[in-house]
Structure formats: C-alpha cells, structure tokens
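Single-letter residue listing:
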Amino acid sequence: MSSARMAGRLRPVVKQPQLPALANNNYHPNSVPGSSSASLIRPTTFSRLALLLRKSSNVSFVTSVHCELVKLGTLYSGSTSNHLLTSYVRLGQIAHAQNLFDEMPQTNVITWTSLMSGYISANQPHKAISLFQHMHLHEIKPNQHTFCTAINACSRLAMLNLGQQIHAQVEVLGLTSDTVVCSALIDMYGKSEGALYARRIFDQMKNPNAISWSSMISVYSQNAQGYEAIILFCKCLRLGVSNPFILSSVVNACASIGQLGLGKSMHCKVIRHGHELNDYISGALIDMYAKCGCFESSKNVFDRIVSQTLISYTSMIVAAGKYGYARYALVLFDEMPNEGIIPNVVTLLGVLHACSHAGLVDMGLRYLHSMKNEYGINPGAKHYTCTVDMLGRAGRLDEAYQLSKEVHAEGPDKVMLWSALLSACRTHRRLDLAAEAMDRLAEFDSDVAGPLVVMSNTYISAGKWKNSANVWSTMKQKGIYKEPACSWVEVKNKVYVFYVGEVSSAGTRAGEVMDLLEEFEVKMRERGFVGSGNSWVEEEEGGKGVMVGVHSERLALGFAHLSVPAGVTIRIMKNLRMCKDCHDWFKRVSDIVGRVIVVRDLNRFHQFSFGSCTCGDYW
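Residues numbered from 1 in each chain as written. Predicted model: local features only at pLDDT ≥ 70, side-chain atom pairs only at ≥ 80, totals over all residues. Heavy atoms only, no water.

The protein appears in an unreviewed UniProt entry as DYW domain-containing protein from Rhynchospora breviuscula.

Draft legend 1. Focus on the pattern of salt bridges. Applying the stated criterion across every chain yields a total of 21 salt bridges. Here Asp-187 makes a salt bridge to Lys-191, at a shortest N to O gap of 3.5 Å. One end of the pair is Asp-187 and the other is Lys-191, both in helix α10 (residues 179–191) and four residues apart, which spans about a single turn. Asp-187 sits in the partly exposed class, given a relative accessible area of 25%. Arg-527 is the partner of Asp-591 in a salt bridge, and the nearest nitrogen-oxygen pair spans 3.0 Å. In this pair, Asp-591 is assigned in helix α30 (residues 580–593) and Arg-527 in the loop between α28 (510–526) and β5 (536–539), connecting sequence segments 64 residues apart. On the basis of relative accessibility, which here comes to 35%, the residue Asp-591 falls in the partly exposed class. Using a relative accessible area of 54% as the deciding quantity, one classes Arg-527 as exposed. Each member of the salt-bridge network shares a partner with another, and the members are Glu-521, Arg-525, Arg-554 and Asp-581. (Salt bridge = Lys/Arg side-chain N within 4 Å of Asp/Glu carboxyl O. Helix = DSSP H or I, 4+ residues; strand = E, 2+ residues; numbered from the N terminus. Buried < 20%, exposed > 50% of the residue type's maximum accessible area, 1.4 Å probe, protein only.)

Draft legend 2. View of unusual backbone geometry. For Asn-123, which is not a glycine, the phi torsion comes out positive at approximately 60°. Considering the arrangement of structural elements, one finds Asn-123 in the loop between α6 (109–121) and α7 (125–134). On the basis of relative accessible area, Asn-123 is assigned to the partly exposed category, the value being 45%. Of note, the phi angle at Asp-617 is positive, near 60°, even though the residue is not glycine.

Draft legend 3. View of the packing of aromatic side chains. For the structure on display, the rule yields 19 aromatic pairs. Look at Tyr-401 and Trp-418: their rings are 6.3 Å apart centre to centre, the planes differ by 70°, and that puts the pair in the edge-to-face class. Remark: Trp-418 occurs in helix α24 (residues 411–428) and Tyr-401 occurs in helix α23 (residues 397–406); sequence separation between them is 17 residues. Pair check on accessibility: Tyr-401 and Trp-418 agree, each one buried. When the centroid spacing of 6.1 Å and the interplanar angle of 70° are considered together, the rings of Phe-520 and Trp-585 count as edge-to-face. Of the two residues, Phe-520 is situated in helix α28 and Trp-585 in helix α30; the sequence distance between them amounts to 65 residues. Overall, the relative accessible area of 2% leaves Phe-520 in the buried class. (Phe/Tyr/Trp six-rings, centres within 6.5 Å; stacked < 30°, edge-to-face > 60°.)

Draft legend 4. Examining the sheet that holds strand β8 (residues 597–600) more closely. Spatially, β4-β3-β7-β8-β9-β10 is the arrangement adopted by the six strands of the open sheet, whose pairing is mixed. Every interior strand has two partners, whereas the edge strands, β4 (494–499) and β10 (612–613), have only one. Sheet topology places β8 next to strand β9 (residues 605–609); four bridges connect them, and they run antiparallel. In the sheet register, Arg-600 faces β9, and the bridge partner there is Phe-605. Along the sheet face, helix α29 (residues 552–563) touches β3 (486–491), β4, β7 (570–574) and β8 and points at about 15° away from the line of β3. The strands touched by α30 within the sheet are β7, β8, β9 and β10, with β9 carrying the most contacts at an inclination of about 35°. (Pairing = 2+ DSSP bridges. Contact = heavy atoms within 4.5 Å. Axes fitted to C-alpha atoms, helices over the stretch in contact; angles between N-to-C directions.)

Draft legend 5. Layout of the UniProt feature "repeat: PPR" (unreviewed entry) in the protein. In the numbering adopted here, UniProt assigns the feature "repeat: PPR" (unreviewed entry) to residues 108–142 and 309–343. Summarising residues 309–343: 74% helix, 0% strand, and an end-to-end C-alpha distance of 10 Å. (UniProt positions renumbered as here; feature names shortened; annotations may be inferred.)

Draft legend 6. Structural view of the side chain of Thr-149. Here Thr-149 lies in helix α8 (residues 144–157). There is a polar contact of 2.8 Å between the side chain of Thr-149 and the backbone oxygen of His-145. (Polar contact = N/O pair within 3.5 Å; in protein donor to acceptor, adjacent residues only side chain to side chain.)

Draft legend 7. Here's a closer look at α29. In a regular helix each residue adds 1.5 Å, so twelve residues correspond to 16 Å; α29 covers 17 Å between its end C-alpha atoms and thus fits that length. Taking burial as the measure, the twelve residues of α29 include ten buried ones, the bulk of the element. (Expected span 1.5 Å × (residues − 1).)

Draft legend 8. Fine view of the environment of Val-59. The residue Val-59 is located in helix α3 (residues 59–72) in this model. Measuring from C-alpha to C-alpha, the distance between Val-59 and Arg-90 comes to 10.0 Å, with 31 residues separating the pair along the chain. Once residues within four sequence positions are removed from consideration, Val-59 is found in contact with Leu-91 and Gln-93.

Draft legend 9. Region of interest: the layout of surface pockets. Here the second largest pocket defines a volume of roughly 330 Å³. Lining of the second largest pocket is provided by 19 residues; of these, Leu-260, Glu-490, Val-491, Lys-492 and Arg-571 occupy positions nearest its centre. Breaking the lining of the second largest pocket down by element, the ones donating at least two residues are α15 (260–272), β3 and β7. Considering every element that reaches the lining of the second largest pocket, the biggest residue donor is β3, with four residues. In the lining of the second largest pocket, the residues fall into ten nonpolar, five polar and four charged. (1 Å grid on protein atoms, 1.4 Å probe; cavity = no way out; pocket = protein on both sides within 12 Å on 5 of 7 lines; lining within 4 Å. Points joined across faces, edges and corners; volume = space filled by probe spheres on them. Nonpolar A, V, L, I, M, F, W, Y, C, P; charged D, E, K, R; others polar.)

Draft legend 10. Structural detail: α23. Leu-397, Ala-400, Tyr-401, Leu-403 and Ser-404 are the residues of α23 that are buried. Angular distribution of buried residues about the axis of α23 spans 165°; they occupy a single face of the element. Within α23, the exposed residues directed more than 90 degrees away from the buried face are Asp-398 and Glu-406. Considering only its buried residues, α23 is in contact with α22 (381–393), α24 and α25 (431–441). (Arc of directions from axis to C-beta.)

Draft legend 11. Structural view of the environment of Val-331. By the secondary structure assignment, Val-331 is in helix α19 (residues 326–338). Since its relative accessible area comes to 43%, Val-331 is described here as partly exposed.

Draft legend 12. A look at the confidence of the model for the protein. On average, residues of the protein score 84 in pLDDT, and 87% of them are at 70 or above. Confidence drops under pLDDT 50 across residues 1–28; counting only partners more than four residues distant or on other chains, this segment forms 57 contacts. Ignoring residues within four places in sequence, the model shows residues 31–43, a span with pLDDT below 50, making 24 contacts including any to other chains. (pLDDT = per-residue confidence, 0-100.)

Here it is, written out as structure tokens:
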C-alpha cells in the first residue's frame, strides 16, 4: 500500500518535528500496536525511533510507525525513511519497501543498497541487478556495501560476465583493498566455476581475514578441487589462522572428494581444537561422513550432540534422504517442533528429496503445499525442481511438465529444473516433453553437455538412432564435450580412479581384476542373470589391459574387493548416474561376495548387501 493510502491526507512539515511515541515507557517494539497507540503518544527523538525499528520483529508496528510519520509529514526527514525501508526489508516486506522507495523524493546510496539487499533476500536477485544498473541514472555512487550486494546477486544468478564488469569497477575505484568486497568476489567467482580468478584475488589481498580464508577454501570445495582446499588449509594452519568456519569449510572439502581417510583426519583436528560441539562443524561432519559412504558415522555424530539444532537436524535429514532412509528422515522432521526448532528452506528441501528418492509422491506434495501456511516459507526454485524430479520418477510426466512451466526460475536454477524433467522423460520415453525441455535448455551457452547427452540417450531408448547422432554432431560443432565417466575408490589413503573399459589404474593387479570380473560374470550366469554382455577383454600394444564396455564402477569394485580386507565395507564414488544394468549387477555381486558395497553416484547413495539395495530399486 502507498503512504498516502496508509494515512490519508498529508500534514505540513513542522520546523522541529517531534514524533509521537508509539508506546509508553513499558512499550516493547514486538508488541502489536492497537487503536490506543495514538492516545498513548509522547515526544521522543528520532534516534529512539530508529532503535525501536531495528529491534522490532513485528510488521504491524513498522506499518504503524509509517502511518504516524506520514500524518506528521516527517516521513522524508533525515534518515527516517531509510530506517523504515530497512525495517521492511529485514521483515521480508519487499513490496512495502519498494512502494516506500518509489515515493521518496530523495534517495541515497543506503536507500538503494538496502532495497537491493531486500530483493536478494526475497530470492529476486535480478531486480537487485536492475537497481544497481540504474543507480548512475540518479547520480548515486555505489559504495563497498553496494558492490558486495551486487556481486552477491551475480553470484546467485551465475552471471559471470556482469560479475567481471563489477570487478572492473571495483578495480577502477580502488576498492580491491577492501576485505569484504574481495571476499564477495571470491565467492562469486567460485560459484561461477572461476576458482582460478578467485585464487588470484585471494593472493592479491594484503591481509586476508578468517572469512577470506574460509571463502577460498569453500571455493575449492565447490569446484571439485578438494585437494587444493586441503593444501590451502595446511598453509592456513602454519600461519596460525583457524576458526570454526575454516574447519567447517575444510571438512566440506573432504566431503566433496569423498575421501574418508582425510575426513577422519580433519575430524581429529576438530576434536583437538575443541570445536566438535560447534554447530556448523557438527553439521559439516554429518554431511562429510554421509558423502563418504559412512551413514552410520553420520548418525553417531548426530546422536552425540547434546542439544540438537536446526543445522544438525537439517544435515541428518538430507543425509538420510540421499541414502533412501525416507521414513527416518521424516521421523527426524517430526521431532523438530517438539524440540522448539523451526525448519528452514534447506530442511524442507531435504524432506522433499527424501520423499522423491523413496517414491512418496503424495506425501511430498503435501509438504510442498504446506510450506507457506505451516512454516512461513515460500517454495523456491530448488523446491519446485525437486518436486518435478519426484513427479518424473513416479511417471507423472504431465504434472511435472505443467509445474515446470509455472515455476519462475533463472540461471542455474532454470537449468536444473528443465534437466530434471528431461531426465524423467528419458526414463519414461516421452520424446515430446523431452524435446520441449531441451528447447528450454538450449537458451543457455553452458551447463548443457549433460542435458544433451540425456537427450541423445532418450532418442536411443526410443529407437531414434539418427536423431541421437544429430545431437552428438551438434555437440561436436559447438565444441561441447561430455564429461568422461569415472569411478574412484580409496585404499589405504590412496585414491584409484577407473574409466570405462580401462583397468590400468589397478597397476600390477590389473590381471587379477580382469579375472575376478570374469569369475563374477560366470557365477551370475549360473544364477540366471544376463547383463549387457560387454565384459570381454582385449590386449592393446604394450600389454595395456582394456575391458571393452565395462563401466568404471565395476572395475573399481573388482580392484577394491581384492584390496580391501574381507568384512570391511567397500565404498565407491562415481561422477555420473549409475545405470540400471550396473545396479542389478552390484546387487548380485554383493550377494555372491557377502559384503556391503556403497556406491555414491551423481544423484544419491546405493548401499548393496545380500542382493538388495537401500534404494529399493527406485532411483
């Protein structure tokens, strides 16, 4: 609503305005002002008003102040309107903030920066960018806080080009010595796959603080450069720089590369530094053990926490969902209100993931539709993407398609949304919807290699070989290359990486691996299982062993079974999604060898034992 509609006719401005207090001496800014507020007024200073606005968490109080200011004609005096706009932003009332902004006769850099921040918090970073680009038209010069906000918006949208332009302005204005601005740039480049640029900025910083160190370590972790993160952490320790956030970042780095040995070492460092009970670190440890294939260790960390928090609950719910333990995840979610803990956007995303991976579609839809009313959370693009994935897995493609069209998503979020639909179309052979999804994804110049491969496979599954060949031809013309499939396994703190049909990583044991896989094939055929039939061996020049058609996870399993002591769980990581044939093959091998095998693929975890998988063949 506009200021005029709030208070009716404006009164003239007085020379020395005195704001009627909205409370007496016993007033609390979080109480709801009633009709008696005007009768209890008494003079107060604007500094007192600013303090009340900063403390208030009640929208009714802020709008009441707004009305009184309009009636007095003092709304645009000094910094009062900025305090009011900031309060609207802080309380998530972005529409009120925008209306106030539009009516202000004079604005300054604080006004613009506050509104930009509000749009980012409201998950509308594109509007923050628009404001930033219009500032010069009003002769408003951005300061370091404005630049940080604009950089954050670029980070949210993965707008690397615009981010680089803002970086250039930072350089011209000499703000590269500002630690906060540099940390924002590091984060932006990290989220735009620009780890090299981020490191250059970090190295140019004269006195990086703990936040800068933590940001750079996080960049490496987010860009699959976990080893670089750990090397930087070691340098950090030598310089005596360490805090819970840095430790949390390096634990996340261990999770990103799936190295259990390094993760355990970092857990020991956490204990030695006395930070095991830190909220962020305990959440990172839960996540790290889960991503390294040790769900039980994640649960042990969770169970040892004396006072559970939002972070620990959320981390455990997400972990349980990825392992297919949806019922356990939902039990934890139901416990949260009893502990006085209110779920956030990530918690609800974890719950939707759990429902998606367990086929609990109707339950998942109920959680989605109750987010706003029960938890005060507006579903975001990631929640809708998970719901599209959930509907697609269940074969409800038309509903998934309709939802995809209705969702407003930008940048990477839009890529993820339509990629989820495309993947489901491949599974259920819906070429019509797959083509529509691919058209939406064609708008992007990057991040389309995966969707194009899925589109090609969709054509193959429908017998459209010529169309599939055309997709690969287009990829070649545009210089788009598929990421090669690989799997890796950790043995005695050393990582062994295997590629499709390539067994040389096994070193001197390559021959044993090939013999073992042949043995597995024989035993499975005896039990009536016939897979793809591509497990045959050739010898190249130089004696290099090649197993044509054998997927990388099978080679990793063969090597791990020979190298890991009997009775110890085998943990394999894969960079792409596990195919159905390999999934069936792993189930049968787990029964043959009588041991637990955990595979982490692109989407989730599979724990095989005695011929079954925790996913229940639904993934």
